[in-house]
Amino acid sequence: MHFYLTIIIAVSCSCFICAQNELPKVSSGTLIRKDSFPSKYVQHRNIDIWLPEGYTGDKKYAVLYMHDGQMLYDSTTNWNQQAWDIDDVGQKLMNEKKVRPFIVVGIWNGGSARHAEYFPQKPFESLPKQQQQDIYQAARNNEYSVFQDQYIKSDHYLKFLVHELKPYIDANFAVEKDKNNTCIMGSSMGGLISMYAMCEYPEVFGAAACLSTHWPGILTLENNPIPQSFYRYLENNLPDPTKTKIYFDFGTATLDAMYPPLQAEVDKIMIKKGFSSESWQTLKFEGEEHSEKAWKKRLHIPLTFLLKAY
């Protein structure tokens, strides 16, 4: 199992590094690329913005920010020939009037910096220094370095989202700017950073979807203090349940097989902090694996929960 987990992380991280110059094809709507979006906080990266059919400046749209932007729209451009197909799923839900109109801001990951940018920084830094170093070293002892010899910098990544990218989107597209119409979504490490974004900036992000959230943070649960640090962080930093929506899910196969007991601990905290079915969902998908194919199959569920039509 450990070898398999190493391969999963190694392949996904290393292949995200691959430059994808071809603009993905979408089945509906329009895709706009902002090449090499500048930032003083993180390395420059592409932003792929999807506008649904009939997009017009005459009305305002909600905004869904999604991590791992390379993997969202077109499987033929991706290393594993899989994609979320957010354009297909989102357009169908809009046509059925199950969700309110929204655009998608696909944020390319930082390649070798992906793990370091998506790993919640404050929980990690709450650990003793020796444990922090042990975590970095434990990853490097594998055949593949999870952190790619980079130190965690997710606070800078969130500053990029909030202080650079969101102002650009707000200024250049017909969107609602308030938190109730600003959502964030990701899977695996992208699930962690989505949770962290909502906790760190509850005035910006009113809803978050965290699919197959990678609570272990690294590749093993043995002598791993990371999940406990996340639990403590959530205890102290979960936003107001009456003003927030958060969605978690997990499968039971491949990498997701690690998650059920960890998510159960998170669910206890959600209940303790006053979250109810109106503001929170955790769903289990028996037999589902850790892949874009699996996330696509259930994508309509978090979208409907976060962006339910008024």
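Predicted model, so just to flag it, every value in this text is computed and none were measured. (Residues numbered from 1 in each chain as written. Predicted model: local features only at pLDDT ≥ 70, side-chain atom pairs only at ≥ 80, totals over all residues. Heavy atoms only, no water.)

Student: Looking at this structure, how should I read the nonpolar core?
Tutor: Inside soluble globular proteins, nonpolar side chains tend to come together where they are buried. Counting 61 residues, the largest nonpolar core has Ile103, Leu165 and Ile169 as its most contacted members. With eight residues, the top contributor of residues to this core is helix 7 (residues 189-200). The contacts of Ile169, once residues within four sequence positions are left out, are Ile49, Val63, Tyr65, Ile103, Val105 and Val175. If you look at the next biggest cluster of nonpolar residues, it comprises 29 residues, including Trp50, Val99, Phe285 and Leu307. (Core = buried A, V, L, I, M, F, W, Y, C linked by side-chain atoms within 4.5 Å. Buried < 20%, exposed > 50% of the residue type's maximum accessible area, 1.4 Å probe, protein only. Helix = DSSP H or I, 4+ residues; strand = E, 2+ residues; numbered from the N terminus. Contact = heavy atoms within 4.5 Å.)

Student: How should the confidence of the model for the protein be read in this particular structure?
Tutor: Detailed reading of the predicted model is not advised wherever pLDDT is low. For the protein, the average pLDDT comes to 91, and 90% of its residues sit at 70 or higher. Every residue in residues 1-19 scores below 50 in pLDDT, and together they form 36 contacts with partners more than four places removed in sequence or on other chains. (pLDDT = per-residue confidence, 0-100.)

Student: I would appreciate a short explanation of the packing of helix 7 against helix 8 (residues 226-237) in the present structure.
Tutor: In a packed pair of helices, the relevant descriptors are the angle between the two axes and the axis-to-axis distance. Contact geometry for helix 7 and helix 8: axes closest at 10 Å, N-to-C directions at 30°. Accordingly, the angle class assigned to the pair helix 7 and helix 8 is roughly parallel. The crossing of helix 7 and helix 8 is left-handed. Taken together, the residues of helix 8 that come into contact with helix 7 (itself represented by Leu192, Met195, Tyr196, Cys199 and Glu200) are Phe230, Tyr233, Leu234 and Asn237. For the contact of helix 7 with helix 8, the residue count by class is seven nonpolar, one polar and one charged. (Axes fitted to C-alpha atoms, helices over the stretch in contact; angles between N-to-C directions. Parallel < 35°, antiparallel > 145°, perpendicular 65-115°, else oblique. Left-handed = near helix turned anticlockwise from the far one by under 90°. Nonpolar A, V, L, I, M, F, W, Y, C, P; charged D, E, K, R; others polar.)

Student: What exactly am I supposed to notice about helix 2 (residues 86-95) here?
Tutor: Because each turn of an α-helix spans 3.6 residues, side chains separated by three or four positions end up pointing in the same direction. Where burial is concerned, most of helix 2 is hidden: seven out of the ten residues are buried. Those residues of helix 2 lying buried are Ile86, Asp87, Val89, Gly90, Gln91, Leu93 and Met94. Those residues of helix 2 that are buried lie in contact with strand 2 (45-51), strand 3 (62-66), strand 4 (102-107), helix 10 (292-298) and helix 11 (300-306). Positive phi shows up at Lys97, right after helix 2, with a value of about 60°.

Student: What's the story with the environment of Pro52 in this structure? I'm lost.
Tutor: Within the secondary structure, Pro52 is located in the loop between strand 2 and strand 3. Classification of Pro52 by relative accessible area gives buried; the value is 4%. Residues Pro52 and Ser28, 24 residues apart in the sequence, show an inter-C-alpha distance of 6.8 Å. Apart from residues lying up to four places away in sequence, Pro52 is in contact with Gly29, Tyr61, Gln91, Met94, Phe102 and Ile103.

Student: Teacher, can you tell me more about the side chain of Asp256 here?
Tutor: When you line up the elements, Asp256 lands in the loop between strand 7 (245-251) and helix 9 (260-272). For the buried Asp256, no salt bridge is present, and the opposite-charge side chain at shortest range is Arg298, 4.1 Å distant. Discounting residues that sit within four places of it in the chain, Asp256 has contacts with Ser212, Phe250, Gly251, Glu288, Glu289, His290 and Arg298. (Lys, Arg positive; Asp, Glu negative; His and termini not counted. Salt bridge = Lys/Arg side-chain N within 4 Å of Asp/Glu carboxyl O.)

Student: Which parts of the structure should I look at to understand the side chain of Ser229?
Tutor: In this structure, Ser229 sits in helix 8. Using a relative accessible area of 2% as the deciding quantity, one classes Ser229 as buried. Not counting residues within four places of it along the chain, the set of residues in contact with Ser229 comprises Pro123, Ser126 and Leu127.

Student: Looking at this structure, I do not really get the pattern of salt bridges. What am I missing?
Tutor: Any two side chains of opposite charge can pair, on the condition that their charged atoms come close. Counted under the stated rule, the structure contains 14 salt bridges. A salt bridge links Arg114 to Asp68; its shortest N-O distance comes to 2.8 Å. Of this pair, Arg114 sits in helix 3 (residues 114-118) while Asp68 sits in the loop between strand 3 and helix 2, and the two are 46 residues apart along the sequence. Judged on exposure class, the residue Arg114 and its partner Asp68 are both buried. Notably, a salt bridge pairs Glu288 with Lys297, separated by 2.7 Å at the nearest N-O pair. Sharing partners across several salt bridges, the network here consists of Lys92, Glu96 and Lys98.

Student: How do you make sense of the packing of helix 8 against helix 9 when you look at a structure like this?
Tutor: Where helix 8 meets helix 9, the axes come as close as 10 Å, and the angle between the chain directions of the two elements is 15°. In terms of axis orientation, helix 8 runs roughly parallel to helix 9. Both helix 8 and helix 9 take part in a crossing whose hand is right-handed. Counting all contacts with helix 8, which are made through Pro227, Tyr231, Leu234 and Glu235, the residues of helix 9 involved are Leu262, Glu265, Val266, Ile269 and Lys272. Considered class by class, the residues forming the contact of helix 8 with helix 9 number six nonpolar, no polar and three charged.

Student: What exactly am I supposed to notice about the pairing of strand 6 (residues 207-211) here?
Tutor: One face of the sheet, then the other: side chains in a regular strand alternate in exactly this way. The buried fraction of strand 6 is high, at five of five residues. Residues of strand 6 alternate between two faces, with Ala207, Ala209 and Leu211 on one and Ala208 and Cys210 on the opposite face, all of them buried. Here strand 5 (residues 182-187) pairs with strand 6 via five bridges, running parallel. If you follow Gly186 over to strand 6, its bridge partner there is Cys210. Regarding topology, helix 7 serves as the crossover connection from strand 5 to the parallel strand 6, and that connection is right-handed. As paired strands, strand 6 and strand 7 are joined by five bridges and run parallel to one another. (Pairing = 2+ DSSP bridges. Right-handed = clockwise from strand over helix to strand, strands pointing away.)

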